[in-house]
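A closer look at the structure
What follows is the residue order along each chain.
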Amino acid sequence: MMANKITDNKKLQHEILDAVVIRFVGDSGDGMQLTGSQFSDTSAMFGNDVATFPNYPSEIRAPQGSLYGVSGFQVHIGSIEISTPGDDVDLLVAMNPAGLKTNIYSVKPGHTIIVDIDSFTKKNLEKAKYETNPLKDGSLENYRVIEVSMSSLTKAALKDIENLDNKSIIRSKNMFALGIVYWMYDRSPEHTIDFFKKKFASKPHLIESNTKVLNAGYYYAETLELIPNAYSISPAKMKSGTYRIISGNTATAWGFLAAAEKSGLELFLGSYPITPATDILHELVKHKHFGVKAFQAEDEIAGVTSAIGASFAGDLAITTTSGPGLALKGEALGLAMMVELPLVVVNVQRGGPSTGLPTKTEQSDLMQAMYGRNGESPVIVLAASTPSNCFNYAYQAAKLALEHMTPVILLTDGYIANGSEPWKIKRVAEMPEIKNNKVTKVTENWHPYDRNEETLARNWAVPGTFGLEHRIGGLEKDRITGDVSHVPENHEFMTNIRAEKIERVQNYIPGLTTEFADSGDLLVVGWGGTYGSLHSAVKQLNSEGYNKIGYAHFNYINPLPKNTEDVLSKFKKIVVCELNNGQFVNILRMHFNINGLLQYNKVQGLPFGNNELITEFKKLVE
Amino acid sequence: METTVVKKYTFKDFASNQEVRWCPGCDDYVILRSMQKALPEMGVKKEDVVFISGIGCSSRFPYYMDTYGMHSIHGRAPAIASGVKLANPDLSVWVITGDGDSMAIGGNHFIHVLRRNINLNIILFNNEIYGLTKGQFSPTSLVGQKTKSSPYGNTQPPFQPGELAIGARARFFARIGGNTPKEMTQMFIDAETFNGTSLIEVLQNCVIFNDGCFSQYTDKNIREDKQLFVEHGKPMIFGKNRDKGLVLNGLKIEVVTIGENGIMEADILLHNAKEEDPTLHQMLVRLEYPLVTGIIRRFDDVTLEEREDALTKEVKSNSKFTKTDDLFFSGEIYEVK
Ligand SMILES: Cc1ncc(C[n+]2csc(CCOP(=O)(O)OP(=O)(O)O)c2C)c(N)n1
Ligand code: SF4
Ligand SMILES: [Mg+2]
């Protein structure tokens, strides 16, 4: 057995960097997700701020070496605030030609590419549709290419270990790559070695082999003259506390767990699998120990309607989906708003319309969330803006649904749902109180449509409660008794009171705030998952001296924060930036008569890039 | 303190204050009255009873019951009811649905609720027509049937509800004529007693759009000759003179006359509703002469709630998590000073 300790006898002078973007790419079977997440976890524990984004092929088992079988994982780490997984990369680690071919566009000129040259065989080059070998034809002249025989070095490192099949040997070459990157960025492999110990507790030979390969990569980099310098990224200034790395979908699921515990209700999820929302279902099915009832239904309609049933029966009921699924849920959502039961619908937006771009991100379901139902049927619409704050907004969605007796649609998107970042862990005790409108005893003159005078929420009398038997339904109801009513004035009254109930939510949500400037030449406006990109672009402009550009981000879409018009009116120009063709800007136009409401839109299934935003905003103030 | 003794109710306790609005003469009245009479016999507390319906004439039913209820949207009642039952397994949950509601727009939920075997009861009001929308053909309308949407005769072959249901693995299937309230009342009680999804198809006459659709089987003066009302463990004998019966001839069911060709009562098939193999039940469901009514299939099986409950208990006992904090602070966490 070799000792696992790394000795830093040959410490180089490290070049200090603020932030770096690294992308690991390879075949689906190359273990790039694990490699990337190990690197980001290690960096986070070291104290860096981090943001990550995975990129899986949409085919389940794409042919080895093919262009569409490339799997990637991007990590952005910094000693400064990191708010996106980054655009262009400083280091690309390509395990095969296909990975290089599909990702070379993202590497900043002059920056580094590490390749496993053992995989640059004639066959693999053909599969990647390379006519000539890019490592030899001069096409990579603008980059610093480091060629490493990773496959053979991995094999050599493992030659003494018995019982190791060839497949396991080849599979561990990602750890060789990780070892190199650890050395380059002055990171200790210790965390990953601990990880092996836990993961392979029952397979000690795999602990040994993976550790060996990881160390071999590390030492190789240390002694290799091809790597001219190493970098170091100091810890970021982050609020003290206990952290973990969390993805948006996990944070969403956990927000509901917390809300259920806080409210003392049982959590019911009715859901049908759909990318990119399925991981919320995957997460919640694990938590039977908290009494979570996760029901995989026969379709999205049964997903939402089973949740409506559970809500009627007194559970905290939610349903999770993506755009096409929200379309199917429309009629049932109308029922939920009509019967005024608490319900949360999570829509993890993806590229639309129709099947669209299932694995890509977009913000084009906003109008569907706002209006995708028959009749006058307003509901609360919220949008989370970062992977970790999905926790807060899931919690808040549950709280508002329960306190105001209404469906709430929570919008997230593929970008923040799959992306991850540090989350300062919240204890349930720190979370705000959640009340509900349950009635448990029969009282004189009780009616199912008696309302709370302040919120206008109706009361929640659940089956099993003695003396409160009553009927609800999709037909219009008398304002007090809840009996079916076709009286014209009553219908108008009920329509208005349902709308006002939602409007009054304004009294219970925070006002809109601005960052960087609260008046001036340009207000950049965003909503939902674009926070990271927009915030960092405006921040950069500010540091360049553009101090009359402010930034306002909306998490509350319906109703809008009370002070919205005040905030907007303090700027000469407003540009509303969205990953759609202008849905939120039109909601603002509908509400406010503000001159100079401009829009900046992108519908490519991709997040905003930093450069495009900087260029656009500069243009608007010059 | 809560009382566990169930109050003695009468049918009036289950009638709501709403005026019943079905057409005079509609069989829906019979079903309503039978239900109101059956509930006091079931030993359930009124506050534990929930009726969930879809949309249709039949689906107005919950408004007339003084229990908890939801008149929901077209076809979705089985899914809503599943949510109610999974949220609170102590409730007595009833689905009220029509032939269009359950087998056209709601076909998907209908087959899946049966497959899962959640302990709830479904009353299918089969009038072989869309009543509420004023007379279009439904998935149970016959080929050739003239309706508002098939003026020259329906060209779409129908479902046989029992066949579809048993194909979808229904554990309990019963059929009853809409004009036999006594038997219907008992059948509702039996459905409630059954642990699993029970489906009762009521042959419901719609006096307005499909009058007489079942009269060849249900008319008082002929029904004993045309209907075989099966009972578990009893020979399948029918007829005014109790002289007709069913035997198996190869893979077919045959009607024979007792006393003819040497056939004796002992030769007649005994009805075994509790048989797991649904082959014979399917044959009974498909039979046109006699039309088989009664509880055709009643096979005891584990319910979804029981499976879920057992699994939850097991997971809970093996889990190190009791509070969400335990989960949030587990695994890969780190401190920032
Ligand atoms: C989404 C939707 N589509 C169509 C309708 C119109 N609709 C209401 S009831 C009904 C058919 C009902 O037939 P059935 O289920 O047989 O019930 P019956 O009225 O015969 O009792 C239709 C088509 C509706 N209410 N909702
Ligand atoms: S239309 Fe037919 S089913 Fe509907 S209430 Fe009238 S008789 Fe009954
Ligand atoms: Mg009908």
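About the thresholds
Residues numbered from 1 in each chain as written. Chains lettered and ligands numbered in written order. Predicted model: local features only at pLDDT ≥ 70, side-chain atom pairs only at ≥ 80, totals over all residues. Heavy atoms only, no water. Helix = DSSP H or I, 4+ residues; strand = E, 2+ residues; numbered from the N terminus. Rg over C-alpha atoms; globule rule 2.2 N^0.38 Å. Buried < 20%, exposed > 50% of the residue type's maximum accessible area, 1.4 Å probe, protein only. Areas by Shrake-Rupley, 256 points an atom, 1.4 Å probe, with all protein chains shown as cover. Lys, Arg positive; Asp, Glu negative; His and termini not counted. Charge placed at Lys NZ, Arg CZ, Asp CG, Glu CD. Pairing = 2+ DSSP bridges. Axes fitted to C-alpha atoms, helices over the stretch in contact; angles between N-to-C directions. Contact = heavy atoms within 4.5 Å. Domains from an automatic or database assignment. Buried area = accessible area lost by both parts, 1.4 Å probe. Salt bridge = Lys/Arg side-chain N within 4 Å of Asp/Glu carboxyl O. Polar contact = N/O pair within 3.5 Å; in protein donor to acceptor, adjacent residues only side chain to side chain. Nonpolar A, V, L, I, M, F, W, Y, C, P; charged D, E, K, R; others polar.

Moving on, we get to the overall build of chain A. Along chain A, the regular secondary structure elements total 20 helices and 23 strands. Relative to a compact globule of 622 residues, whose C-alpha radius of gyration would be 25 Å, chain A shows 27 Å and is just as compact. Taking the principal axes of the C-alpha coordinates as reference, chain A spans close to 85 × 60 × 45 Å. Buried positions account for 62% of the 622 residues belonging to chain A. Carbon and sulfur atoms make up 50% of the accessible area of chain A, which totals about 24100 Å². A distance of 3 Å separates the average location of the 60 positive side-chain charges in chain A from that of its 68 negative side-chain charges.

Within the open sheet, the nine strands sit side by side as β17(A)-β2(B)-β1(B)-β3(B)-β4(B)-β6(B)-β5(B)-β11(B)-β7(B). Their pairing is mixed. Both edges of this open sheet fall to β17 (471-473) of chain A together with β7 (227-230) of chain B, since each of them pairs with a single strand only. If you compare each strand with its neighbour and ignore which way they point, the axes differ by 20 degrees on average. When strand β5 (residues 172-177) of chain B meets strand β6 (residues 198-203) of chain B, the two strands line up parallel, connected through six bridges. In the sheet register, B:Ala174 faces β6(B), and the bridge partner there is B:Ile200. Contacts from helix α11 (residues 300-312) of chain A reach β17 of chain A together with β1 (49-53) and β2 (68-71) of chain B within the one sheet, and its direction differs from that of β2(B) by about 150 degrees.

This part takes up the domain arrangement of chain A. Residues and elements named next belong to chain A. For chain A, the assigned domains are domain 1 (2-232), domain 2 (245-430) and domain 3 (514-621). Look at where the C-alpha atoms of domain 1 and domain 2 centre, and you get two points 36 Å apart. Domain 1 puts twelve residues into the contact, and the matching count from domain 2 is ten residues. Sorting the residues of domain 1 by area buried against domain 2 places Val50, Thr52 and Phe53 first, and these three jointly supply 43% of that buried surface. Linking domain 1 to domain 2 there are zero salt bridges. If you look at where domain 1 meets domain 2, you find one residue pair in polar contact (both at pLDDT 80 or more). Those elements giving two or more residues to the side of domain 1 that touches domain 2 turn out to be α1 (32-46) and β3 (49-55). Here the residues of the side of domain 1 that touches domain 2 are counted per class, giving six nonpolar, four polar and two charged.

Contact with chain A, which involves 68 residues of that partner, is made by 55 residues of chain B. Taken as a group, A:Lys288, A:Glu298 and A:Arg471 account for 14% of the area that chain A buries against chain B, more than any other trio of residues on that side. Inspection of the chain A/chain B interface yields five salt bridges. Ionic pairing is found between A:Lys198 and B:Glu332, a salt bridge with its closest N-O pair at 3.6 Å. Our count for the chain A to chain B interface comes out at 28 residue pairs in polar contact (both at pLDDT 80 or more). The dominant element in the side of chain A that touches chain B, judged by the number of residues it contributes, is α11(A), at eight residues. Along the lines of polarity and charge, the residues of the side of chain A that touches chain B split into 34 nonpolar, 16 polar and 18 charged. Sheet topology note: the strand β9 (residues 241-247) of chain A/strand β12 (residues 333-336) of chain B ladder contains four bridges and is antiparallel. Bridge assignment links A:Arg244 to a residue of β12(B), and that residue is B:Ile333.

This part takes up the pattern of salt bridges. Per the counting criterion, the structure on display carries 28 salt bridges over all chains. With its nearest N and O atoms 3.1 Å apart, the salt bridge here joins B:Arg175 to B:Glu201. Of the two residues, B:Arg175 sits in strand β5 while B:Glu201 sits in strand β6, which places them 26 residues apart along the sequence. Accessibility assignment for this pair places B:Arg175 and B:Glu201 in one class, buried. Each of A:Glu266, A:Lys293 and A:Asp315 takes part in a single network of salt bridges with overlapping partners.

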